[in-house]
Amino acid sequence: MPEHTAASRLRLSGLCFVLQILNILLFAVFVRYSPEGSPGQCPPQLNCSRRNQDSGFQQPRFQDVHIQVLLSFGLLVAFLSRYGPGNVAISILVIAFAIQWAVLIQGFFYFFLNGKIYVGAQSMVSADFCTAAVLISIGAVLGRANPAQMLLLALLEVTLCTLNEYILLSLMGVSDSGRSLTVHTFGAYFGLMVSRVLYQPHKDKRKREERQDVGYQTDVFAVVGTIYLWIFWPSFTSTSTVHGNTKNWAVLNTYFSLVASTVATLILSPVLYEESTPRMVQIQDATLAGMAVMGMAGEMLVTPFGALIAGFLVGLISPLGFRFFTPVLYSRLKIQDTCGVHNVHGLPGILGALLGTLLTLLATADTYGDRLELVFPLVAQGSRTVTDQALIQLGALPLTLLLAMLGGRITGAILKTKVLRCSPDEQYMENTVFWEVAEEGRDPRASRKELGISTLV
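Residues numbered from 1 in each chain as written. Predicted model: local features only at pLDDT ≥ 70, side-chain atom pairs only at ≥ 80, totals over all residues. Heavy atoms only, no water.

Novice: I'd like a rundown of the overall build of the protein chain, residues and numbers included.
Specialist: When helices and strands are counted, the protein chain shows 18 helices and three strands. Here the analysis covers contacts within the protein chain between residues at least 6 apart in sequence; of these, 83% occur between residues at least 24 apart. Put simply, the protein chain shows about 18,400 Å² of open surface, and 65% of that area lies on carbon and sulfur atoms. (Helix = DSSP H or I, 4+ residues; strand = E, 2+ residues; numbered from the N terminus. Contact = heavy atoms within 4.5 Å. Areas by Shrake-Rupley, 256 points an atom, 1.4 Å probe, with all protein chains shown as cover.)

Novice: Tell me about the sheet that holds strand 2 (residues 112-113), and name the residues and values.
Specialist: In space, the three strands of this open sheet follow the order 1-3-2, with mixed pairing throughout. Unpaired on one side and paired on the other, strand 1 (31-33) and strand 2 mark the two borders of the sheet. With two bridges connecting them, strand 2 and strand 3 (residues 116-119) associate as antiparallel partners. Each residue of the ladder has a partner; that of Phe112, found in strand 3, is Ile117. (Pairing = 2+ DSSP bridges.)

Novice: With reference to specific residues and values, describe helix 6 (residues 180-197).
Specialist: Here helix 6 contains 18 residues, and its C-alpha end-to-end distance of 25 Å stays within 8% of the 26 Å for a straight helix at 1.5 Å per residue. The axis of helix 6 is deflected most strongly, by about 30 degrees, at Phe186. Counting buried positions over the 18 residues of helix 6 gives 17, a clear majority of the element. (Expected span 1.5 Å × (residues − 1). Bend = angle between axes of the 7 residues up to and from the residue. Buried < 20%, exposed > 50% of the residue type's maximum accessible area, 1.4 Å probe, protein only.)

Novice: Any details on the packing of aromatic side chains? Residues and values, ideally.
Specialist: Scanning the entire structure with this criterion turns up 10 aromatic pairs. The interplanar angle of 75 degrees and the centroid separation of 5.1 Å between the aromatic rings of Phe30 and Phe108 together place this pair among those described as edge-to-face. Of the two residues, Phe30 is situated in helix 1 (residues 2-30) and Phe108 in helix 3 (residues 84-110); the sequence distance between them amounts to 78 residues. In this structure Phe30 comes out as partly exposed when scored by relative accessible area, which is 21%. Judged by relative accessible area, Phe108 falls into the partly exposed class, the value being 34%. Of note, Arg323 hangs over the ring of Phe324, and the distance from its end group to the ring centre comes to 5.4 Å. (Phe/Tyr/Trp six-rings, centres within 6.5 Å; stacked < 30°, edge-to-face > 60°. Lys NZ or Arg CZ within 6 Å of the ring centre and 35° of its normal.)

Novice: Run through the nonpolar core, naming residues and quoting values.
Specialist: Within the largest apolar cluster, 96 residues are counted, with the highest numbers of intra-cluster contacts made by Val94, Leu153, Val158, Tyr189, Met294, Tyr368 and Phe376. If we ignore the near neighbours within four places in the chain, the residues touching Val158 are Ala98, Trp101, Ala102, Ile105, Cys130 and Val134. (Core = buried A, V, L, I, M, F, W, Y, C linked by side-chain atoms within 4.5 Å.)

Novice: Explain a positive patch on the surface residue by residue, including any values.
Specialist: A surface patch of like charges, here positive, comprises Arg196, Lys334, Arg409 and Lys416. With respect to the helices, strands and loops of the structure, Lys416 is situated in the loop between helix 16 (386-415) and helix 17 (424-435). (Patch = residues over 30% accessible without salt bridge, like charges linked within 9 Å, V, L, I, M, F, W, Y side chains within 5 Å. Salt bridge = Lys/Arg side-chain N within 4 Å of Asp/Glu carboxyl O. Lys, Arg positive; Asp, Glu negative; His and termini not counted. Charge placed at Lys NZ, Arg CZ, Asp CG, Glu CD.)

Novice: Any chance you could break down the environment of Ser180 for me, citing the residues and the numbers?
Specialist: The residue Ser180 is located in helix 6 in this model. Residue class for Ser180 comes out buried when judged on its relative accessible area of 0%. Considered as a pair, Ser180 and Gly346 are 166 residues apart in the sequence and their alpha carbons are 8.9 Å apart. Apart from residues no more than four positions distant in its own chain, Ser180 is found in contact with Thr185, Ala292, Val293, Met294, Gly295, Met296, Gly349 and Gly352.

Novice: Outline the packing of helix 5 (residues 147-171) against helix 16, supporting the account with residue identities and numerical values.
Specialist: Following both chains from N to C, one finds helix 5 and helix 16 inclined at 160 degrees, their axes separated by 10 Å at the closest point. The angle between the axes of helix 5 and helix 16 places the two elements in the roughly antiparallel class. Here the hand of the crossing between helix 5 and helix 16 comes out right-handed. Between helix 5 and helix 16, the residues in contact are Gln149, Leu152, Leu153, Leu156, Leu160, Asn164, Ile167 and Leu168 and Ala396, Leu399, Thr400, Leu403, Gly407, Thr411, Ile414 and Leu415, respectively. Looking at the contact of helix 5 with helix 16, its residues break down into 11 nonpolar, five polar and no charged. (Axes fitted to C-alpha atoms, helices over the stretch in contact; angles between N-to-C directions. Parallel < 35°, antiparallel > 145°, perpendicular 65-115°, else oblique. Left-handed = near helix turned anticlockwise from the far one by under 90°. Nonpolar A, V, L, I, M, F, W, Y, C, P; charged D, E, K, R; others polar.)

Novice: Could you give an account of the environment of Arg196, naming the residues involved and the relevant values?
Specialist: Structurally, Arg196 is set in helix 6. Relative accessible area serves as the criterion here: at 33%, Arg196 is assigned to the partly exposed category. As a C-alpha pair, Arg196 and Leu329 span 133 residues in sequence and 9.4 Å in three-dimensional space. Each residue touching Arg196, except ones within four places of it in the same chain, is listed here: Leu333, Lys334 and Ile335.

Novice: Could you give an account of the pattern of salt bridges, with specific residues and numbers?
Specialist: Under the defined criterion, the tally for this structure stands at one salt bridge. Between Glu165 and Arg179 there is a salt bridge, with its nearest N and O atoms 3.5 Å apart. With a gap of 14 residues between them, Glu165 in helix 5 and Arg179 in the loop between helix 5 and helix 6 connect regions that are remote in the sequence. Taking the relative accessible area as the measure of exposure, Glu165 reaches 1% and is therefore buried. Here Arg179 falls in the buried class, since its relative accessible area comes to 4%.

Novice: Help me get a handle on the packing of helix 6 against helix 16, residues and values and all.
Specialist: It is the contact of helix 6 with helix 16, at a shortest axis distance of 7 Å, that shows an interaxial angle of 35 degrees. As helix 6 packs across helix 16, the resulting crossing turns out to be right-handed.

Next comes the structure, spelled out in structure tokens:
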């Protein structure tokens, strides 16, 4: 056991050292601040579509997005009693690396001029979005990937996520300001495919129980994470909208969807689970689902009741997914979805994309007014018809799913190589080193072998 522990620590330490030195060297060679000294001014040769908000960028907006990524996503996996505290630490490590790598990769796509990457405040926000997709994927593989594998997952996923985002937003002209597709859908199905490749049949020999909702400590994590979602996610959804008018729509529609999804979940959960008192984790999942569905549609919905309907529907779909889809994913497809990202990110993201396609078909100058040019500039300019834009919005969904699943399969295959993969017993020991905490009511001095590792199915 000590030998395995030392090897695991040295592997993680060495990988962190190599990746950080790589980032420092690349930043030294390529990255510079905006040449005009102001993040709001951008040379005409650069693709400034991703930085047109920097001139009016406000520090509170950046703080909202960064807090959402740093705290909310970390706390949303801390409710797992077996993996929680350790995973929060590893999540912060992944965030620290992924933000640096995303600034570089996105810079090559968007802000590259004369051999240099010119970054501004919006560059960091865009990096946070990409990092959020990585954290969603980690939720699917939690307990099956060691920390070194998670860092490499972040390295590969940031690259593919940026490629998908560039194709959708820049080349195809898809409207997805709140990232239903590029963050929620991509992150969920990328992680699910990695989890499928990393499937460990030897864990079937262990006792499998759902322990994420046992005990006072786990409920506290779920409460705090959910509160952060309610406070900061509307800013997360609306940060990349191009102007204040559409930002207001996105914020309000997100709140309406959030409250409706929460009520819907509380209606359905007692029926599905035969419990008179709702669990905090269920409210947490409803909050995530209600916000994910508004990623694309948030700036398009022009009526509050539309957001309420969308939130109510996704609030019903999420608990149904946990009750019926998750067991099928495990038994038929051998996909172990630890945090249920398929139900709180994947399905709501798909529903949000379909809703966005429908709303695109209904977009008219009479309905949107001057906002039509902000949400669908090519339609307002006459370069596209509404039908063409709707078909492009719809086509972005299968393209995202294809890139996510193909990228996840390739990434999983790389992570499963001999140099990274441990034997079943070694993997078990390594996960105990980084994840295991004693159960409440159990002697913390009990052996790790006695405690075991739970696998959520």
